[in-house]
Protein chains: 2
Amino acid sequence: MSDRTSPEKIEQWNFFELVLRAHIGANPFLDVDFSARFSHQDRTITAEGFYDADDVFRVRFCPNALGRWSYETISNSHELHGKTGEFECVAPEEGNHGPVAVVDTFHFAHADGTPYYPFGTTCYAWIHQGEALEEQTLETLRDGPFNKLRMCVFPKHYEYNSNEPEYYPFQRADSGEWDFTCFDPQFFRHLEQRVAQLMELGVEADIILFHPYDRWGFAQMDADSDDRYLRYVIARLSAYRNVWWSLANEYDLMEEKALADWDRFFRIVQECDPYQHPRSIHNCRSFYDHTKPQVTHASIQDSHLERVGEWRESFGKPIVVDECCYEGNIKEQWGSISARELTHRFWAGIAAGGYVGHGETYRHPDDVLWWSKGGVLRGESPARIAFLREIVEAGPPRGLEPVELGPYTAGASKGDEYYLVYFGLYQPVERPITLPEGGEYRVEIIDTWEMTITPLEGTFSGAFRTALPGKPYMGLRMQKV
Amino acid sequence: MSDRTSPEKIEQWNFFELVLRAHIGANPFLDVDFSARFSHQDRTITAEGFYDADDVFRVRFCPNALGRWSYETISNSHELHGKTGEFECVAPEEGNHGPVAVVDTFHFAHADGTPYYPFGTTCYAWIHQGEALEEQTLETLRDGPFNKLRMCVFPKHYEYNSNEPEYYPFQRADSGEWDFTCFDPQFFRHLEQRVAQLMELGVEADIILFHPYDRWGFAQMDADSDDRYLRYVIARLSAYRNVWWSLANEYDLMEEKALADWDRFFRIVQECDPYQHPRSIHNCRSFYDHTKPQVTHASIQDSHLERVGEWRESFGKPIVVDECCYEGNIKEQWGSISARELTHRFWAGIAAGGYVGHGETYRHPDDVLWWSKGGVLRGESPARIAFLREIVEAGPPRGLEPVELGPYTAGASKGDEYYLVYFGLYQPVERPITLPEGGEYRVEIIDTWEMTITPLEGTFSGAFRTALPGKPYMGLRMQKV
């Protein structure tokens, strides 16, 4: 976090930050409106600013076009109003593909057109674990297959999660009560540091704005505090290109909130985020109505991956099954499926044209479970997910569309170039396959657990039978020559 | 098959057979009504007789009470009318527990009160495979865990089933067409021999009266022929104590039959079978309405064993999931699940208070697949099913009722004496369990795949935590001391 305005040259999809100083006698979080209009040729984008600390106000902006940008601030404080300036947006460096958005109804891509296939994992409270563990989590992510991380803003109170966080999002009043009108900049600088580190690793931060697992009162704030908190988080974070907004984890367990509150939160995020980062909301028992226009993709907790096709039909949006039980061995059902079963669910979901999320919950003497605190991965599914990710990334650039290929789930390219069939639990020693007439296809047998790809000799066309190894969890990749 | 009336002493639940001779000029299958009234003290039971061959008529009767029985025949042929006689019904020998019927709404027992837990398997067309293979099937059943066999009367035409049978149920007319008014006694004697052999092995014969897999026309007979065939089969077979009636396999694939036909067939079976053997009908896609009074138990094809509880509620009858996919490796989904998966489905169904059926479909160079032709078993599930059967038979005498014991399916005794919990796919290293206060329970960990039962030290009561091995497919047995 710099005390100075950004230098004159800004890489596209990094952010420019304007730093201004003003001494506000009253509560600067509450009493100051501060934003800036950023202009380039005929486009103008308004970004909300925010009060940080020590009389410092900031406004951040992520430019989406190369060339000269100018800005002008707007504020009800004359010290912050009418400041102008310029900067140059230059070409992005390697590895910076810009923010992710929905493409082709059911898929995602970065702003530069690079396809983005979410292979997410979950470390809900990882930013509340202290330096050593948080750095270890980043190291693990660096080496792992995951390119999205579900993470909460607020600390977490739940089984296996009883430690106090180092930082809190609010300051305390003299009474010792939280003052929801005063944010704690330390907290947010720490959060931003972690989001920035994920960005460097190429990991999208799927930021969970509310969740029910709370002992501090952050799940029971009044509406004004909720809304102010949302605007503040958005003002601070939306310029980070790797941000996604998850309105809640298990929104339907937050008894204090009504559906109208969630609708309002969506509206606030939609209005205040100039970049329209992906927005969704995660359920426990009942899905939110993902057909609503403010929802960009369906974030789903459900173990029935065979229903991905049905959800695609229902919602007409990308299906991200963020939680389908976790690999682990804790006493809870949701945290005790095998690596084999989780790998199976990934394949089933992806061959059906959806995306699936990972989590790991192996019991630990100090309650360091990856799913919540991060640390290291102990399971056997991440290697298989890496293998699957490689296959998907080598596949059609716009992701897989479900097709009927006999009784099995198959993901296919939009044309007839590519088919990825998954046989799941079934262990046939052969399968009749019918491919479009006229094309010649290379066929490979994929062992999703052993992570092998075995090409069949020759090429295939039309109707044929393919031998299979008679084991569960096999797949076929068929690509037009 | 004897040419002479049974001797004077008949074991209870074996059958008495009266043999009469009459020369009928016309078609004796069509033109002769023949039955007998069997009386013991104040009970009278009428059994239909049938024409066999060579001027021989038979009527069979399975006595359900010890002591002196008398009989008198009734016929429209004076040679067969008014014949009287007596026999003595004596105590059954060991292993003869009488026919099976529904008890306690959701379970079965033999007539002598011995509980009967169906652990069925499937050899649809085994009686059409010739002596050598049929004898081998019987040998396999003798050594196996199965006490019910789903088997068709008619031969079968289907993939892996192209061989002609040795016997046909009807005679051919001079034209070469089947004469549905003339049964072939050879066929039925052979069928009866196999049913009798199953009885000796303690295997219930779940006799499938119609099925769609046909190239001979037996699936497309007119209504009169259907009804005559039904009455004939019932007259010949109902006195065998191990008979169950399955109106059809995949009734909903028989396009020539309307729902009204199936209702009529049920009525005929109900009216003509004096012993009220278990009656059901097996579906492909849509269940028959198993709430109808003529249905004694639900025979179900479905892979969702987690729905057993729901079906119990819906139908209020025993749930027998006769087909939930078969262990095997053929190209069809229904015939290519692993032994592990089939064992899992058995445990899931039984812990939910239902019953589950087996079948095996490993590819064979000569198309000898157990599911249809019998022969030998090659799979790994039968040993696990034997293990499960031992556990169930050592459990509460009236079978298992589902109870909520945390998130897992548990079968329990009606009281609080016994709990069998199944963890399925989940692999927790511990589970909190709450048993009724006041009782002391022995607890054993069951590895359903490795077939081990490991007692925990000491006894348990109320709420406690039990360690578990952190592997899928585990169970717990808890029995009150």
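What you see is a predicted model; the values in this text were computed from it and never measured.

### Considering the overall build of chain A
No. 1: If you tally the helices and strands in chain A, you get 9 helices and 30 strands.
No. 2: Against the 2.2 N^0.38 benchmark of 23 Å for 481 residues, chain A shows a C-alpha radius of gyration of 24 Å, consistent with a compact globule.
No. 3: Judged by the C-alpha coordinates and their principal axes, chain A covers about 80 × 55 × 40 Å.
No. 4: Residue burial in chain A is summarised as follows: out of 481 residues, 63% are buried.
No. 5: Sequence separation of at least 24 residues holds for 68% of the intrachain contacts in chain A that already meet a minimum separation of 6.
No. 6: Measuring between centres, the 46 positive side-chain charges of chain A sit 1 Å from its 75 negative side-chain charges.

### A word on the pattern of salt bridges
No. 1: On inspection of all chains with the given rule, the structure shows 71 salt bridges over all chains.
No. 2: The salt bridge involving A:Glu192 is made with A:Arg236; its shortest N-O contact spans 2.3 Å. Taken together, the residues A:Glu192 in helix H3 (residues 185-200) and A:Arg236 in helix H4 (residues 223-237) connect sequence positions 44 residues apart.
No. 3: Looking at A:Arg236, the relative accessible area reads 0%, which means it is buried.
No. 4: Among the ionic pairs, B:Glu135 bridges to B:Arg194, the shortest N-O distance being 3.0 Å. Taken together, the residues B:Glu135 in helix H2 (residues 131-143) and B:Arg194 in helix H3 (residues 185-200) connect sequence positions 59 residues apart.
No. 5: Through salt bridges with shared partners, a single ionic network connects A:Glu17, A:Asp52, A:Arg58, A:Arg60, A:Arg189, A:Glu192 and A:Arg236.

### Points about unusual backbone geometry
No. 1: Of note, the phi angle at A:Asp55 is positive, near 65 degrees, even though the residue is not glycine.
No. 2: Mapped onto the fold, A:Asp55 is located in the loop between strand E4 (43-53) and strand E5 (56-61).

### Considering the confidence of the model for chain A
Detailed conclusions should not be drawn from predicted coordinates in areas where pLDDT is low.
No. 1: For chain A, per-residue confidence averages 96 on the pLDDT scale, and residues scoring 70 or more make up 100% of the total.
No. 2: With a pTM of 0.94, the predicted complex shows an ipTM of 0.90.

### Things to note about the relation of the copies chain B and chain A
Taken together, a rotation about one axis and a shift along it account for how the two chain copies relate.
No. 1: Overlaying chain B on chain A yields an RMSD of 0.1 Å, the required transformation being a rotation through 180 degrees with an accompanying axial translation of 0.1 Å. Read as a symmetry element, the transformation amounts to a two-fold axis.
No. 2: The fraction of interface residues of chain B whose copies in chain A are also interface residues reaches 100%, indicating that both copies meet through the same surface.

### Brief notes about the sheet that holds strand E3 (residues 34-40) of chain B
Note on sheets: strands pair through backbone hydrogen bonds, and any given pair is parallel or antiparallel.
Residue and element names in this part refer to chain B.
No. 1: Pairing is mixed in the open sheet, where 7 strands are placed in the order E1-E7-E6-E3-E4-E5-E2. Edge positions in the sheet fall to strand E1 (9-11) and strand E2 (16-21), since each of these pairs with one other strand and no more. The average undirected angle you get between the axes of adjacent strands in this sheet is 30 degrees.
No. 2: Summarising the sheet, E3 and strand E6 (residues 67-75) pair through 6 bridges and their orientation is antiparallel. Looking at E6, one finds that Arg37 is bridged to Glu72.
No. 3: Packing of helix H4 (residues 223-237) onto the sheet brings it into contact with strand E4 (43-53) and strand E5 (56-61), and relative to E4 it is tilted by some 110 degrees.

### What about the interface of chain B and chain A?
No. 1: With 27 residues of chain B in contact, the opposing surface of chain A contributes 28 residues.
No. 2: For the pair chain B and chain A, the summed buried area comes to about 2,300 Å², and 49% of that belongs to carbon and sulfur atoms.
No. 3: Taking the shortest distance from any N to any O, the salt bridge between B:Arg363 and A:Glu430 comes out at 3.1 Å.
No. 4: Linking chain B to chain A there are 12 residue pairs in polar contact (both at pLDDT 80 or more).
No. 5: Sorting the residues of the side of chain B that touches chain A by element identifies helix H7 (339-351) and strand E26 (430-434) of chain B as the ones contributing at least two each.
No. 6: In the side of chain B that touches chain A, the residues fall into 12 nonpolar, 6 polar and 9 charged.

Reading guide: rules and limits
- Residues numbered from 1 in each chain as written.
- Chains lettered and ligands numbered in written order.
- Predicted model: local features only at pLDDT ≥ 70, side-chain atom pairs only at ≥ 80, totals over all residues.
- Heavy atoms only, no water.
- Helix = DSSP H or I, 4+ residues; strand = E, 2+ residues; numbered from the N terminus.
- Rg over C-alpha atoms; globule rule 2.2 N^0.38 Å.
- Buried < 20%, exposed > 50% of the residue type's maximum accessible area, 1.4 Å probe, protein only.
- Contact = heavy atoms within 4.5 Å.
- Lys, Arg positive; Asp, Glu negative; His and termini not counted.
- Charge placed at Lys NZ, Arg CZ, Asp CG, Glu CD.
- Salt bridge = Lys/Arg side-chain N within 4 Å of Asp/Glu carboxyl O.
- pLDDT = per-residue confidence, 0-100.
- Least-squares fit on C-alpha atoms with pLDDT ≥ 70 in both.
- Pairing = 2+ DSSP bridges.
- Axes fitted to C-alpha atoms, helices over the stretch in contact; angles between N-to-C directions.
- Buried area = accessible area lost by both parts, 1.4 Å probe.
- Polar contact = N/O pair within 3.5 Å; in protein donor to acceptor, adjacent residues only side chain to side chain.
- Nonpolar A, V, L, I, M, F, W, Y, C, P; charged D, E, K, R; others polar.

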